[in-house]
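Structural description and commentary
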Amino acid sequence: MGSGDHACLTFSDAEERLDIVSAFVRDGLGLGQKVICFTESIPPGQLVGELADREVPTRTPAARGQLAVRSSDESWLAGGTVTAAGMVDMLGREVELASREGYPGLRVTADMCWALRPVAAAEQLMVFEAEVGKLFSDGRLTAICQYDRHNFDPVTLAFAARAHPRAVAAAVYYEDPLLRICRQYTPPGIRVAGELDYRRVEELTQALAESLRLDHHVHVNLAQLRYLDVAAATAVVQAAASLPDGRVMTVVCGPAVDRTLTLVCGSELARLRVRVAHGRQ
Amino acid sequence: MAGSDQREAGRIPLAALDQPFDEDSLYQLRAAVAAHAEALGAGPRQGDDLLIIAGELASNAIRHGGGRGQLRLWRNGDTLHCRVTDRGPGLADPDGAGRHRPPLAAAGGRGLWVVRQVARAVEIETGPRGTAVTAVVDLNRR
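Summary of the structure given here. Remember, predicted model here, so these are calculated numbers, not experimental data. (Residues numbered from 1 in each chain as written. Chains lettered and ligands numbered in written order. Predicted model: local features only at pLDDT ≥ 70, side-chain atom pairs only at ≥ 80, totals over all residues. Heavy atoms only, no water.)

1. Quick look at empty space enclosed by the protein
All names here are of chain A. Counting across every chain of the model gives 3 cavities of 30 Å³ or more. Of the voids in this model, the largest cavity is the one considered here, and its volume is about 90 Å³. Broken down by secondary-structure element, the contributors of at least two residues to the lining of the largest cavity are strand 4 (106–111) and strand 5 (141–148). With 4 residues, the top contributor of residues to the lining of the largest cavity is strand 5. Considering only residue class, the lining of the largest cavity consists of 12 nonpolar, 2 polar and no charged. (1 Å grid on protein atoms, 1.4 Å probe; cavity = no way out; pocket = protein on both sides within 12 Å on 5 of 7 lines; lining within 4 Å. Points joined across faces, edges and corners; volume = space filled by probe spheres on them. Helix = DSSP H or I, 4+ residues; strand = E, 2+ residues; numbered from the N terminus. Nonpolar A, V, L, I, M, F, W, Y, C, P; charged D, E, K, R; others polar.)

And the structure:
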C-alpha cells in the first residue's frame, strides 16, 4: 500500500482480515504515520490483542497517541444519524489533526459493517465511498475499508469494489472448500487451513519456497489445519532443513499435526520450532 | 484373495466401518474413521493415531495399489484394528517394508514407517493380486 491509496479488503476468512489489517498497521507505524483503526465486530481491546499476537508494536505507539483503536459506536455512530457528509468531514478533520501533530500522514482502516445497522442508512455508505475519494489526492491519507462477505449483499460488495481504486487480499496458492493455502503477512510466512495431504504437496511446496525466498524467518501457521499427512509434513520439514544458519522456521499447530511433524522430523532440527496451540480450532 | 476371505469370515468380528475409497473420497474416509474411532472408544490421542494409520495406508493403496481400496475398522477387546486392502501389484518386500526411516531428503517411502511407529503391530499380506495391511492400536495406552 502506498500513501494516498484507498483500498477495499473483502474477506471471508477472519484470520486473513486480521493478518492484512495487522500488516497495514505495522507498515504505517514503521513509516512514522499516525494510525487509526475503527472496529465494529471485534471489541477494541481484543483487536489490540490480535495486533500484539501478530508482533505489531502496540503499547508504545498507543501511549504516545500514534496508534488509536476505536469502536464505531464511539466514533461516527455517536451522534445518532450517520451521514456521508458527516463522516467525510470527520475523516478530513483527523487528517488535519495528524498533520498538526507532526505526522507525515494518517492511516485509517475501518470495519464497514457499521453500515448494516438500522441507524446507518445503507445508501449513505455508497455516498461516503464516492465522496471520500477527494481526501486522498494529496497523499496524506491511506485507507483500507474492510467488507465481510458474510454480512454484505452482492450488490453492495460490487459497488464497494468499484468505488475503491485498489483491492487488497492475501495471495492464495490453493483454495477449495476443504483446504486453503495462502500467504501470511504478520508474522510473514504461510497459513494453511482445512486438511492437507499428498494431493496438494506441490502447491504447499510452492508456498513454502516463496516464503523461503522472501522472509528471513519463516512462519508456518497451521493452527486451523485439522489434518496433515506424512507427505505434506515431509515437505514442511524439508523446507525447514534447507534454511541456512541464522534463519528459523516456526510452526504453530494443534496436537494432532504436531504428532505427525514429530514422527517425520525425528531428532531435533535446530531450524524448526513447533508451538502447539490448543483450542484455536 | 478368496482363501483369506474364508478365514476372515470366521476370525474377524463384524466391522464397525467397511468402506471403499479412492482418491476423490479421501476426505470422507478420514471423516468416517475419525467418527467411528470415537464411537469405538478411542480417546483423542488414539483417534489421532488411527487417523494417521488410516490416512497413510489409504494413500499407499491409492498411489501404489491401483488407485482404490477398502478400509475396515473394528474393535477386539482393548484393541482397535484397521485393515486396508487393495488389488494392486503387491509389495516386493513386505517384511522389510517400512522398517527403516528413509533419510529426510528422500521424497517418499515414509508412510509405512510412520504407521509402524504409531501402531502396536502391523501385519502385511501381499501378492500379485493385491495387498492387505492390518494395523493394531491399543485403547488403554496413555
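Moving on, there is more to tell.
2. Observations concerning the packing of helix 2 (residues 26–39) of chain B against helix 3 (residues 44–64) of chain B
Residues and elements named next belong to chain B. Their axes nearest at 10 Å, the elements helix 2 and helix 3 cross at an angle of 150 degrees. The pairing of helix 2 with helix 3 is recorded here as roughly antiparallel in orientation. The two elements helix 2 and helix 3 cross, and the hand of that crossing is right-handed. Of the residues in helix 3, those in contact with Leu-26, Leu-29, Arg-30, Val-33 and Ala-37 of helix 2 are Leu-50, Leu-51, Ala-54, Ala-58, Ser-59 and Ile-62. Classifying every residue of the contact of helix 2 with helix 3 by side-chain character gives 9 nonpolar, 1 polar and 1 charged. (Axes fitted to C-alpha atoms, helices over the stretch in contact; angles between N-to-C directions. Parallel < 35°, antiparallel > 145°, perpendicular 65-115°, else oblique. Left-handed = near helix turned anticlockwise from the far one by under 90°. Contact = heavy atoms within 4.5 Å.)

3. Structural notes on the sheet that holds strand 1 (residues 6–11) of chain A
Residue and element names in this part refer to chain A. Pairing within the open sheet is parallel, and its 6 strands lie in the order 3-2-4-5-1-6. The sheet terminates laterally at strand 3 (67–71) and strand 6 (166–167), the two strands that pair on one side only. Here 5 bridges tie strand 2 (residues 34–39) to strand 3, and the two strands are oriented parallel to one another. Opposite Thr-39, over in strand 3, you have Ser-71 as the bridge partner. Against the sheet, helix 1 (residues 14–30) makes contact with strand 1, strand 2, strand 3, strand 4 and strand 5, and its axis sits at roughly 165 degrees relative to strand 4, the strand it touches most. (Pairing = 2+ DSSP bridges.)

4. Structural notes on the interface of chain A and chain B
At the junction of the two partners, chain A supplies 22 residues and chain B supplies 25 residues. Across the interface of chain A and chain B, roughly 2,000 Å² is buried in total on both sides, 56% from carbon and sulfur atoms. Scanning the region where chain A abuts chain B turns up 3 salt bridges. Notably, a salt bridge pairs Asp-49 of chain B with Arg-259 of chain A, separated by 2.7 Å at the nearest N-O pair. Grouping the constituent residues of the side of chain A that touches chain B by class yields 12 nonpolar, 4 polar and 6 charged. (Buried area = accessible area lost by both parts, 1.4 Å probe. Salt bridge = Lys/Arg side-chain N within 4 Å of Asp/Glu carboxyl O.)

5. What about the nonpolar core?
One finds Leu-204 and Met-249 of chain A together with Leu-71 of chain B to be the most contacted residues of the largest nonpolar core, which totals 75 residues. Among the elements that make up this core, the one with the highest residue count is helix 3 of chain B (9 residues). With residues up to four places along the chain from it excluded, the contact list for Met-249 of chain A reads Leu-208, Val-218, Val-220, Val-236, Ala-239, Ala-240, Leu-243, Arg-271, Leu-272 and Arg-273 of chain A. Residues Cys-8, Leu-91, Cys-145 and Leu-157 of chain A belong to the second largest nonpolar core, which totals 31 residues. (Core = buried A, V, L, I, M, F, W, Y, C linked by side-chain atoms within 4.5 Å. Buried < 20%, exposed > 50% of the residue type's maximum accessible area, 1.4 Å probe, protein only.)

6. Remarks on the pairing of strand 1 of chain A
Residue and element names in this part refer to chain A. Strand 1 sits mainly inside the fold: 6 of its 6 residues count as buried. Of the two faces of strand 1, both are covered, the one formed by His-6, Cys-8 and Thr-10 as well as the one formed by Ala-7, Leu-9 and Phe-11. Relative to strand 5, strand 1 is paired through 6 bridges, and the arrangement is parallel. Paired with His-6 across the bridge in strand 5 is Ala-143. Pairing of strand 1 with strand 6, which is carried by 2 bridges, proceeds in the parallel orientation. Bridge assignment links Cys-8 to a residue of strand 6, and that residue is Ala-167.

7. Looking at the state of the cysteines
Residue and element names in this part refer to chain A. Taken as a whole and judged by the stated rule, the model has 0 disulfides over all chains. With no disulfide of its own, Cys-253 has Cys-265 as its nearest cysteine by sulfur position, at a separation of 12 Å. With relative accessibility at 0%, the residue Cys-253 sits in the buried group. (Disulfide = S-S within 2.5 Å.)

8. Quick look at the layout of surface pockets
Volume-wise, the largest pocket comes out at about 610 Å³. Considering the residues around the largest pocket, the lining is formed by 31 residues, among which Asn-60, Arg-63, His-64, Gly-109 and Gly-111 of chain B are closest to the centre. Taken together, the elements giving at least two residues each to the lining of the largest pocket come down to helix 7 (201–214) and helix 8 (230–241) of chain A together with helix 3, strand 3 (79–86), helix 4 (111–118) and strand 5 (130–138) of chain B. Here the lining of the largest pocket is built from residues that sort into 13 nonpolar, 13 polar and 5 charged.

9. Description of the sheet that holds strand 4 (residues 121–127) of chain B
Residue and element names in this part refer to chain B. Spatial strand order, 1-2-3-5-4: 5 strands in an open sheet with antiparallel pairing. In the strand order of this sheet, the two ends are held by strand 1 (17–22) and strand 4, each with one partner. If you compare each strand with its neighbour and ignore which way they point, the axes differ by 15 degrees on average. Here 8 bridges tie strand 3 to strand 5, and the two strands are oriented antiparallel to one another. What sits directly across from Cys-82, in strand 5, is Ala-135. Helix-sheet contacts for helix 2 involve strand 1 and strand 2 (68–76), and the interaxial angle to strand 1 is about 160 degrees.

10. A look at unusual backbone geometry
Residues and elements named next belong to chain A. With omega at -15 degrees, the peptide bond leading from Thr-186 into Pro-187 counts as cis. Structurally, Pro-187 can be placed in the loop between strand 8 (179–185) and strand 9 (188–196). For Glu-55, which is not a glycine, the phi torsion comes out positive at approximately 65 degrees.

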